[in-house]
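Each chain, letter by letter, is given below.
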Amino acid sequence: MDIIFYILQDAIEIGLIWSLMTLGIFISFRVLKFADLTAEGAVTLGSAISIALILADVSPFIATVVAFTGGFIAGIITGLLHTKLKIPAILAGIISMTGLYSINLRVMGKASIYIGDAGTIYSFFRNLIDQPFLAKTITTLLVVVIVFNMLYWFFGTEIGMSVRATGMNQKMARAQGISTDIMIILGLALANGLIALSGALSAQSAKSANMDIGKGTIVIGLASIILGEVIFGKRSFKNWLISVILGSIIYQGLVGVAIAVGIKPNDLKLLQAILIAFILAMPLLKRKVATKTNRTGVRKHA
Amino acid sequence: MLKIKDITKIFNKDLNPDDIKVALDRVTIDIKEGDFVTVIGSNGSGKSTLLNIISGSLLPDNGSVKIAGIDVTNLKEHKRAQYIGIVFQDPLSGTAANMSLEENLAVAHRRARKKGLRWGFSKNLRRLFKEKLASLNLGLEDRLSHKIGFLSGGQRQAVTLLMATIDKPKVLLLDEHTAALDPKTAQTVLAITDEIVTANKLTTIMVTHNMKDALRYGNRILMLNNGRVVFDAEGDEKKNLTIEDLLKKFDTIKDIELTDQMLLAN
C-alpha cells in the first residue's frame, strides 16, 4: 500500500508544478494552435534564472517573477519571428529554443547549479508546516490556483477572447477588427511565461537547476493535456483549464506507476514518445476502426 | 459612402505574360449611403477580388478605396474592420467554432472599438445578444452558451450576419454568403439579410451567383465581366429587369460559355 501512497504523493507534488507548464503548452498548442518549441528552452530558462538569482541573494519571490518575465520575453521573440518576419511556427520556435540554450548556459555559468541551504519560494510554508510534502503542495497549489483564476479571467476579457478567436479562425478574427499578429505574440508570451514559471518552481523544489530539465517538455505537456481532455472533457473554457491541470497530475501518476513496475527512468522518454504518437494517432485510428466495423456491418446485412 | 476609384488588380505579375491575370481593370464605383447593391458576374469576372479589395484582405495595384470619406486603400484588414462588416461564402469562416454563441457575439460587438481587459460580457450585453438572436427566429436565443460549431451552416451564416451588423458597419459586404447553403436555407438567410439591411439602412454590397436573388434584392445591380463593370442599373430600371434581360446582357458581351455556367448554378 505504501507504494501507492508514494506514487500518489509524487504525482500531486510534481504534477502540480508541471501543470503550470502544461497550461503554457495548452495556450500555445490548443488556444493558439501554434506548435511552439520555445517551451523546451523556456523551462530551463525559468529554472536557471530563479536559481541564479537566489544564489545572488535575490528574494525567491522576485527571482520567480523574473523567471516568468524571462519566459514571457522568449515568447515575444518567437511571436515576432513568426508574425513580423513570417518564419513558420515550428522554425520560429526552434530558433528561440536554440538561442535559449546559450542564454541558459550563460545565466547558470555551468551545466548545473545548486542553492544548498538558501531559501526558496517553498521556505515560507516549510517553516510553518513540519511536513515537506504538505508544505510544498500548499505552496504550489496556491500558485496554480492564482494562475488558474487569472487565466480564466483573462481569456474571458475582450483581449483574451481575441486571442482565442485568433487561434481558432484568423480570417474571422481579422474581420472582427482583431490584430492577429499582436494576439499571437501576446499568447506566446503568456504561454512561455507560465512554462518558465513552472521551471522556476521545479528548480526551487529540487534546489537546483540543470540544462536537461527542459527536455521532453512538449511531449509531457501534450500528453497531460490529452489525458485531461479525454478524462475530464472540455465542455467550457473553465472545464478545459481544470482538465488540463488534472491531466498533468494524472500523467505524473502514470509515470510513477511505470517506474514502480520496473521501467528504467532512462527508457521513460522512449515510452513517452510512443505514448504521445499513439495518443495523437487516436482520432485516425478510431475512424479506421469505425469504418472497418461499418464495412463488416454492411457485409452482414448483404 | 463607398467610393472605389480606378482600382486595378493584376495577379501573377511575376510570371510570364501568358499567365498574367487582370482581375480588376480600372474599376470605378460610387455607392451612396443606404444603397443595397447586388453584384453578379461569371467565375473570374472579378467580383470576389473587388470585395477582397474593399475588405482589405487584398491590396490593389492601383486606385483608391474610400469609406465615408476616409481613404482606407492601404489600411490593414483588421483596422479597416471598424468600418466593415463581412460575411464569407464558407459558413465556417465567419465564426470561431470552439467558442460559444455569446463569446462570438461579444468579440463581434467590439469590432469597431479597441479591445481592453474588460470582462467580455455583462448582463446588458447578454440581454442585447438574446434580443438580436430572437429576431432571427431560429430559436438561437436560448443557446447563448452553446458552441457555434454545433450549429448548422444556415444558422452559422445567420449568426455571422448578426456579428457583421451588431455594431452597425458603414459598409456590409456579403461574399456569396448563401452559395454554400441548400436552396431553402439560402432563402431563409437571404430573407434575414434583407430584413437586417432594411431595418438598419445599411450600405450593402452582395455578390451572388444567383441572378434571381440579384434581381429580387437591393436597389442597384452591377454586372462584372473580365474585371470591368459592364452593366449598372438602379431604381426603377433595376426593378423592371428580368432574368432574360440579364442573359441578353451576357450574350452581348459574348460570354456564352460562361453564361451556361451561371445557368447551371441556378
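Residues numbered from 1 in each chain as written. Chains lettered and ligands numbered in written order. Predicted model: local features only at pLDDT ≥ 70, side-chain atom pairs only at ≥ 80, totals over all residues.

A.B. asks: So what exactly am I meant to see when it comes to the overall build of chain B here?
C.D. replies: If you tally the helices and strands in chain B, you get ten helices and ten strands. At 19 Å, chain B has a C-alpha radius of gyration in line with the 18 Å of a compact globule built from 266 residues. In terms of its C-alpha atoms, chain B occupies a principal-axis envelope of roughly 55 × 40 × 35 Å. A total of 266 residues make up chain B; the buried ones form 44% of that total. A separation threshold of at least 6 residues defines the contact pool for chain B, and within that pool the share at least 24 residues apart is 69%. (Helix = DSSP H or I, 4+ residues; strand = E, 2+ residues; numbered from the N terminus. Rg over C-alpha atoms; globule rule 2.2 N^0.38 Å. Buried ≥ 20, exposed ≤ 12 C-beta atoms within 10 Å, placed from the backbone. Contact = placed C-beta atoms within 7 Å.)

A.B. asks: Quick question: what am I supposed to make of the nonpolar core here?
C.D. replies: A:Leu20, A:Leu23, A:Ile49, A:Ala165, A:Leu194, A:Ala196 and B:Leu173 are the most contacted members of the largest nonpolar core, which has 152 residues in total. If near-sequence neighbours (up to four positions away) are discounted, A:Leu20 is found in contact with A:Val144, A:Val147, A:Leu194, A:Leu197, A:Ser198 and A:Leu201. (Core = buried A, V, L, I, M, F, W, Y, C linked by C-beta atoms within 7 Å.)

A.B. asks: I keep staring at the interface of chain A and chain B and nothing clicks. Help me out?
C.D. replies: Size of an interface, as often reported, equals the accessible area lost when the parts are brought together. With 19 residues of chain A in contact, the opposing surface of chain B contributes 25 residues. Take the side of chain A that touches chain B: its biggest share by element is seven residues, from helix α7 (residues 158-168) of chain A. Its residues placed into classes, the side of chain A that touches chain B shows seven nonpolar, eight polar and four charged. (Nonpolar A, V, L, I, M, F, W, Y, C, P; charged D, E, K, R; others polar.)

A.B. asks: Help me out: how do you make sense of the sheet that holds strand β6 (residues 84-87) of chain B in this one?
C.D. replies: Neighbouring strands of a sheet are bound in pairs by backbone hydrogen bonds; such pairs are parallel or else antiparallel. All names here are of chain B. One open sheet accounts for six strands, arranged β6-β7-β8-β3-β9-β10; its pairing is mixed. The open sheet has two edge strands with one neighbour each: β6 and β10 (228-234). For this sheet, the mean angle separating the axes of adjacent strands, direction not counted, is 15°. Looking at chain direction, strand β7 (residues 171-175) and strand β8 (residues 204-207) are connected through four bridges and run parallel. (Pairing = 2+ DSSP bridges. Axes fitted to C-alpha atoms, helices over the stretch in contact; angles between N-to-C directions.)

A.B. asks: I keep staring at the domain arrangement of chain A and nothing clicks. Help me out?
C.D. replies: Residue and element names in this part refer to chain A. If you check the domain split of chain A, you get domain 1 (2-262) and domain 2 (270-302). Here the C-alpha centre of domain 2 lies 32 Å away from the C-alpha centre of domain 1. Taken together, the contact between domain 1 and domain 2 spans seven residues of the former and six residues of the latter. Taken together, the residues that form the side of domain 1 that touches domain 2 break down as six nonpolar, one polar and no charged. (Domains from an automatic or database assignment.)

A.B. asks: Would you take a moment to explain the sheet that holds strand β1 (residues 2-11) of chain B for this structure?
C.D. replies: Residues and elements named next belong to chain B. Read across the sheet, four strands follow the order β2-β1-β4-β5 without closing on themselves; strand pairing throughout is antiparallel. At either end of the open sheet lies a strand with only one pairing partner, and these are β2 (21-31) and β5 (70-71). Judged from the five bridges that link them, β1 and strand β4 (residues 62-67) form a sheet pairing that is antiparallel. In the sheet register, Leu2 faces β4, and the bridge partner there is Ile67. Against the sheet, helix α1 (residues 47-55) contacts β1, β2 and β4, and its axis sits at roughly 65° relative to β2.

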